[in-house]
Amino acid sequence: MIRQSAFGTALSMLVLAGGLTTTSLGHTSTKNLLASQALLSPSSQVASNSLGLKPQAFKTTDLEKSVFDQINRYRISLGLKKLTLNANISKQARIHSQNMARGKVPFSHQGFEKRVNAIPIRYTSAAENVAYNQGYSDPAAEAVNGWIKSPDHLINIKGNYNMTGIGVATNSKGEVYLTQIFIRNR
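Bear in mind that the values here come from a model prediction, so they are computed numbers and not experimental data.

A. Focus on the environment of Y123. Position of Y123 relative to the elements: it lies in strand β6 (residues 123-134). Side-chain polar atoms of Y123 contact the side chain of N117, separated by 3.0 Å.

The structure is reproduced here in structure tokens:
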């Protein structure tokens with residue numbers, strides 16, 4: 001079961017779903033959900049639609065690159081190997097973020113196993129971190145900082161993975177949805 005939190009301030013909010021980890025041999029997975037949530041809501045950030053202002057526009061590919069770079073810098077600072085960005089993994093992460101942004105699926109890990117199995121890579125383990133935020137001038141940094149401060153998300157960031165994919169999507173309400181999938185290939 002995936003529990004969710006959806007709290008925030010009128011000006012800005014960051015919501016993280018619990019980190020999801022699976023272990024697999026081939027493409028048959030057993031889910032082990034790490035079901036805690038973290039929520040950070042700093043007192044002053046860029047105003048959003050709650051004040052009737054136009055949401056800030058972001059170039060999603062720039063945000064994806066920023067998440068990738070920040071996660072790798074963090075891993076290197078701990079003496080861990082860099083993750084390799086994979087276009088097939090990013091495609092699945094992007095589809096999930098787009099579906100959440102459009103309201104086609106709830107903010108969750110719903111469909112994680114299907115996403116991972118759609119990636120044409122034989123893997124031994126996989127994990128996923130998701131976040132959404134609104135009203136921040138740097139939504140990628142807010143998501144990464146939130147994940148690093150959350151023990152369950154941090155397990156995935158520090159995990160024995162060698163590949164990753166990141167997908168970011170926004171909507172007309174100014175919400176930014178971020179998905180990062182981690183893979184350990186065979």
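There's more to say after this.
B. Representation of the side chain of Q92 in the model. Tracing the backbone through its elements, the reader meets Q92 in helix α2 (residues 87-101). According to the relative accessible area criterion, Q92 is buried, its value standing at 12%. Discounting chain neighbours no more than four positions away, the residues touching Q92 are R115, A118, I119 and I181.

C. Looking closely at the nonpolar core. Grouped together as the largest cluster of nonpolar side chains are 20 residues, with contacts concentrated most on V67, I71, W147 and L178. Where this core is concerned, the elements lending two or more residues are α1 (60-77), β6, α4 (139-149), α5 (151-157), β7 (163-170) and β8 (175-185). What L178 contacts, discounting residues up to four positions off in sequence, is V67, S97, N129, V130, A131, N133, P139, A140, A143, W147, G167 and V168. Judged by nonpolar contacts, the second largest core, of 11 residues, contains A93, I121, Y123 and I181.

D. Broad picture of α2. The end-to-end C-alpha separation of α2 is 20 Å, in line with the 21 Å expected for 15 residues at 1.5 Å each. Buried residues of α2: I89, S90, Q92, A93, H96, S97, N99, M100 and A101, and no others. Here the buried face of α2 lies against β5 (84-85), α3 (112-117), β6, β7 and β8. Measuring from the side-chain oxygen of the N-cap residue of α2 to the backbone nitrogen of N88 gives 2.8 Å; that N-cap residue is N86.

E. View of the confidence of the model for the chain. This prediction gives the chain a mean pLDDT of 78; 70% of its residues lie at or above 70. Here residues 1-12 is a poorly scored stretch, pLDDT under 50, and it has 39 contacts once near neighbours within four places are set aside; other chains count. Segment residues 22-53 is flagged for pLDDT under 50; beyond a separation of four residues in sequence, or across chains, it makes 101 contacts in the model.

F. How the structure looks around the layout of surface pockets. What the largest pocket holds in volume is close to 160 Å³. If you go around the largest pocket, the residues you meet are Q92, I95, H96, N99, V105, Q110, G111, K114, R115 and A118. If you list the elements that add at least two residues to the lining of the largest pocket, you get α2 and α3. In terms of residues, the lining of the largest pocket owes the most to one element, α2, which gives four residues. For the lining of the largest pocket, the class distribution of residues is three nonpolar, five polar and two charged.

Conventions adopted
Residues numbered from 1 in each chain as written. Predicted model: local features only at pLDDT ≥ 70, side-chain atom pairs only at ≥ 80, totals over all residues. Heavy atoms only, no water. Helix = DSSP H or I, 4+ residues; strand = E, 2+ residues; numbered from the N terminus. Polar contact = N/O pair within 3.5 Å; in protein donor to acceptor, adjacent residues only side chain to side chain. Buried < 20%, exposed > 50% of the residue type's maximum accessible area, 1.4 Å probe, protein only. Contact = heavy atoms within 4.5 Å. Core = buried A, V, L, I, M, F, W, Y, C linked by side-chain atoms within 4.5 Å. Expected span 1.5 Å × (residues − 1). pLDDT = per-residue confidence, 0-100. 1 Å grid on protein atoms, 1.4 Å probe; cavity = no way out; pocket = protein on both sides within 12 Å on 5 of 7 lines; lining within 4 Å. Points joined across faces, edges and corners; volume = space filled by probe spheres on them. Nonpolar A, V, L, I, M, F, W, Y, C, P; charged D, E, K, R; others polar.

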